[in-house]
Amino acid sequence: MLARKGILPDGFLLTRLAEDATHPSRLRSKSQRARFITKSGSCNVAHKNIREQGRFLQDVFTTMVDLKWQHSLLIFTSAFLCSWMLFAMAWWLLAFAHGDLEPRDPDGIGHVPCVTAIHSFTSAFLFSIEVQVTIGFGGRMVTEECPLAIMVLIIQNILGLIVNAVMLGCVFMKTAQANRRAETLIFSRNAVIAPRNGRPTFMFRVGDLRKSMIISATIQLQVIRRTVTAEGEVIPVCQLDIQVENPLRSNGIFLVSPLIVSHTIERSSPLYEISAQSLATEDLEIVVILEGVVETTGITMQARTSYTPEEILWGRRFVSIMTEEDGRYSVDYSKFGNTVPVRMPALSAKELDHTRGVQEKGPAEGQPQGWGLVRAGRGGYRRGGRTTCDGAAASRPWYAQADKEEDKKGGLKKAVKLEEIGREIMEESIEEMSD
């Protein structure tokens, strides 16, 4: 089991400060662009001129959960006070109608009140609180004299339970919201574009600070950009999905340790035509959405972040932060967002594919051809072995397979394997000396 820290270490904060100091001019020189998703994951969209406000009241519970804490506490307090005052008025009216508020002789036994010990509105208010919150001090109680008082008692108990259930449910949902679990899921402040397996790759790092797992975690990437259709229609928000590299051919990840999520920039990628020079002028935003089920509570959670062109570093790669110590794995979160430069051309993936395609056309197109020495049989050398200009071997060089020479005398065919020069030169010289 990988050892992870349960709290955010101080080194992680120092790393974030170091990341900001690494590219100060790049971040501050450009005007701050509007983004749909902030780095903390909240949606940066303001809804204005909503005429149908009554739709929010049709789902009161969700509306109350979405409110801020100060507004929710104000509603909770107002709901309890209003219910206590309402039933206090009802008890006072019952006592007034029954004549319980008139001054009487304490020794008189002829009059039986609806509720004992109610002499004013204050005493009625105290009795209303006792009934609704089931305190029961014992000084006031309902008698059999007034059936209407018994009905009011039943109604207040039922309404009091409903109010308590709704308020407790709202408090529980606000404290156990899924975005609270997302606070311990961290993303690297910057994303990078670096070569991986010979292809430009968009990468970022994600990690979980808690020891509890995120079950069935999936990650999605979307590019939000402004596009113009062939008919001239301007689409201000065009969402395009980005395929995440995963051998399982799905977006599922096993977030047991910090992972580097990658996307290979190919022909079908929205980043196919972006180069190092055009990246700074691109009007796009890459949104990252991580979803999963919290292991301890079973609640579905979602963590979000986004990367703008100013936060995408060209030609850099994340450093390794995992080591093996004393039979267990250790993760150093102080290097979570650190990157190192790598050699990478400033061309876009489209331009790289075009350049490679021209180079791989062969000598028939007038391109230079590379040749190397290979050995054909014992004691003889031939020229061959065409390679491309970038140093990669051709797809099927002429010496990749064995040459077949036909024996004219016996009519048999024997295969003579071609070997590259320089492997057994010393052995060959020793054999010639022995002959």
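Here the structure is a predicted model, which is why all the values come from computation and not from measurement.

Conventions we followed
Residues numbered from 1 in each chain as written. Predicted model: local features only at pLDDT ≥ 70, side-chain atom pairs only at ≥ 80, totals over all residues. Heavy atoms only, no water. Disulfide = S-S within 2.5 Å. Helix = DSSP H or I, 4+ residues; strand = E, 2+ residues; numbered from the N terminus. Buried < 20%, exposed > 50% of the residue type's maximum accessible area, 1.4 Å probe, protein only. Phe/Tyr/Trp six-rings, centres within 6.5 Å; stacked < 30°, edge-to-face > 60°. Core = buried A, V, L, I, M, F, W, Y, C linked by side-chain atoms within 4.5 Å. Contact = heavy atoms within 4.5 Å. Salt bridge = Lys/Arg side-chain N within 4 Å of Asp/Glu carboxyl O. Patch = residues over 30% accessible without salt bridge, like charges linked within 9 Å, V, L, I, M, F, W, Y side chains within 5 Å. Areas by Shrake-Rupley, 256 points an atom, 1.4 Å probe, with all protein chains shown as cover.

J.: Now, about the state of the cysteines: what can you tell me, with residues and values included?
T.: All told, the structure shown has 1 disulfide when counted by the stated rule. Between Cys114 and Cys146 runs a disulfide, and the two sulfur atoms are separated by 1.6 Å. Between Cys114 and Cys146, the disulfide has an S-S torsion of -50° and is therefore left-handed. On the criterion of sequence distance, the pair formed by Cys114 in the loop between helix H5 (69-98) and helix H6 (121-132) and Cys146 in the loop between H6 and helix H7 (147-175) is long-range, its members being 32 residues apart. We classify Cys114 as buried; its relative accessible area is 2%. We classify Cys146 as buried; its relative accessible area is 8%.

J.: Tell me about the packing of aromatic side chains, and name the residues and values.
T.: In this description, an aromatic ring pair is defined by two values, namely the gap between the centres and the angle between the planes. Under the counting rule described, the total for this entry stands at 7 aromatic pairs. Aromatic side chains Trp91 and Phe127 sit 5.0 Å apart centroid to centroid with 80° between the ring planes, which places their arrangement in the edge-to-face category. Here Trp91, found in helix H5, pairs with Phe127, found in helix H6; they are 36 residues apart in sequence, far enough to count as distant. For Trp91, a relative accessible area of 1% gives the class buried. Both rings, one in Tyr333 and one in Phe336, keep their centres 6.1 Å apart while their planes meet at 20°; by these two values the pair is stacked. When sorted by exposure, Tyr333 lands in the same class as Phe336, which is buried.

J.: Could you give me a rundown of the nonpolar core, with the residues and numbers involved?
T.: Soluble globular proteins: nonpolar side chains tend toward being buried together. By size, the foremost hydrophobic cluster in this structure holds 35 residues, and its most contacted members are Phe202 and Phe204. Elements that contribute at least two residues to this core include exactly strand S1 (185-187), strand S2 (191-196), strand S3 (199-208), strand S4 (214-228), strand S8 (284-294), strand S9 (300-307) and strand S10 (312-314). Beyond its immediate sequence surroundings of up to four residues, Phe204 is in contact with Phe187, Ser188, Ala191, Ile219, Leu221, Leu259, Ile260, Val261, Val288, Tyr307 and Phe318.

J.: Residue-level account of the environment of Ile215, with values.
T.: The residue Ile215 is located in strand S4 in this model. Look at Ile215 and you get partly exposed, because its relative accessible area is 40%. Residues Ile215 and Glu291, spaced 76 residues apart in sequence, show a C-alpha to C-alpha distance of 9.2 Å. If we skip the residues at most four places from it in the chain, Ile215 touches Gly292, Val293 and Glu295.

J.: Break down the pattern of salt bridges for me, with residues and values.
T.: In total, this model carries 6 salt bridges according to the counting rule given. With its nearest N and O atoms 3.0 Å apart, the salt bridge here joins Arg225 to Glu282. Residue Arg225 is found in strand S4, and its partner Glu282 is found in the loop between strand S7 (259-264) and S8; the two are separated by 57 residues along the sequence. Neither residue differs from the other here; Arg225 and Glu282 are each classed as buried. Its salt-bridge partner being Glu273, residue Lys350 comes within 3.5 Å of it at the nearest N-O pair. In this pair, Lys350 is assigned in helix H9 (residues 349-359) and Glu273 in the loop between S7 and S8, connecting sequence segments 77 residues apart. Each member of the salt-bridge network shares a partner with another, and the members are Arg35, Lys39 and Glu311.

J.: Give a detailed account of unusual backbone geometry, specifying residues and quantitative values.
T.: A positive phi is found at Ala117, a non-glycine position, where the angle reads about 65°. Checked against the element boundaries, Ala117 lands in the loop between H5 and H6. The phi angle at Asp326 is positive, at roughly 55°, despite the residue not being glycine. Looking at where Asp326 falls in the secondary structure, it is placed in the loop between strand S12 (322-325) and strand S13 (328-331).

J.: Outline a nonpolar patch on the surface, listing residues and values.
T.: A contiguous nonpolar patch, built from Phe61, Leu148, Ile150, Met151, Ile154, Ile155, Ile158, Leu159, Ile162, Val166, Phe172 and Met173 and spanning about 1100 Å² of accessible area, is present on the exposed surface. Considering each element in turn, the nonpolar patch owes the most residues, 11 residues, to H7. With respect to the helices and strands, the residue Ile155 is situated in helix H7. The exposure class assigned to Ile155 is partly exposed, which follows from its relative accessible area of 42%.

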